[in-house]
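Chain and residue survey
What follows is each chain in one-letter form.
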Amino acid sequence: VYVQVAEILRARIESGELLPDRPVPSESQLQQDLGVARGTARKAITVLREQGLVVTVRGRGSYVNPAR
């Protein structure tokens, strides 16, 4: 399921719905919007971070990578 969530977020980034330097929806937002567990949302964001699409700032959240 986390792969599907990551693909949804990737599509939003590529379409321009999520802009560079702007926050990615939080884990709790993804839980509510997509009906997934918090761990699933966390793993999806981790996948995007490993692919270089997202950067995470401790204590602030995850943002679309401006250098993608």
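Here we summarise the structure given alongside this text. (Residues numbered from 1 in each chain as written. Predicted model: local features only at pLDDT ≥ 70, side-chain atom pairs only at ≥ 80, totals over all residues. Heavy atoms only, no water.)

1. Description of the packing of aromatic side chains
Per the stated rule, a full pass over the model turns up zero aromatic pairs. One residue, Lys43, lies across the ring of Tyr2, its end atom 5.0 Å from the ring centre. (Phe/Tyr/Trp six-rings, centres within 6.5 Å; stacked < 30°, edge-to-face > 60°. Lys NZ or Arg CZ within 6 Å of the ring centre and 35° of its normal.)

2. Focus: the pattern of salt bridges
On inspection of all chains with the given rule, the structure shows four salt bridges. Note that Glu17 is salt-bridged to Arg12, the shortest N-O span being 4.0 Å. For Glu17, a relative accessible area of 55% corresponds to the exposed category. A salt bridge links Glu27 to Arg38; its shortest N-O distance comes to 3.1 Å. One end of the pair, Glu27, is in helix α2 (residues 27–34); the other, Arg38, is in helix α3 (residues 38–50), and eleven residues separate them in sequence. On the basis of relative accessible area, Glu27 is assigned to the buried category, the value being 19%. Residues joined in a network through salt bridges with shared partners are Glu27, Arg38 and Arg42. (Salt bridge = Lys/Arg side-chain N within 4 Å of Asp/Glu carboxyl O. Buried < 20%, exposed > 50% of the residue type's maximum accessible area, 1.4 Å probe, protein only. Helix = DSSP H or I, 4+ residues; strand = E, 2+ residues; numbered from the N terminus.)

3. Here we look at the packing of α2 against α3
When two helices pack together, their arrangement is given by the angle between the helix axes and the distance between those axes. In contact at an axis separation of 8 Å, α2 and α3 are set at 115° when each is read in the N-to-C sense. The handedness of the crossing between α2 and α3 comes out as right-handed. Contacts between α2 and α3 involve Glu27, Ser28, Leu30 and Gln31 from the former and Arg38, Ala41, Arg42 and Ile45 from the latter. Residues that form the contact of α2 with α3 fall into these classes: three nonpolar, two polar and three charged. (Axes fitted to C-alpha atoms, helices over the stretch in contact; angles between N-to-C directions. Left-handed = near helix turned anticlockwise from the far one by under 90°. Contact = heavy atoms within 4.5 Å. Nonpolar A, V, L, I, M, F, W, Y, C, P; charged D, E, K, R; others polar.)

4. Quick look at the environment of Leu9
Counting through the fold element by element, Leu9 comes out in helix α1 (residues 2–15). For Leu9 and Val64, which are 55 residues apart along the polypeptide, the C-alpha to C-alpha distance reads 10.0 Å. The residues contacting Leu9, other than those within four sequence positions of it, are Leu18, Val24, Pro25, Leu30, Ile45 and Leu48.

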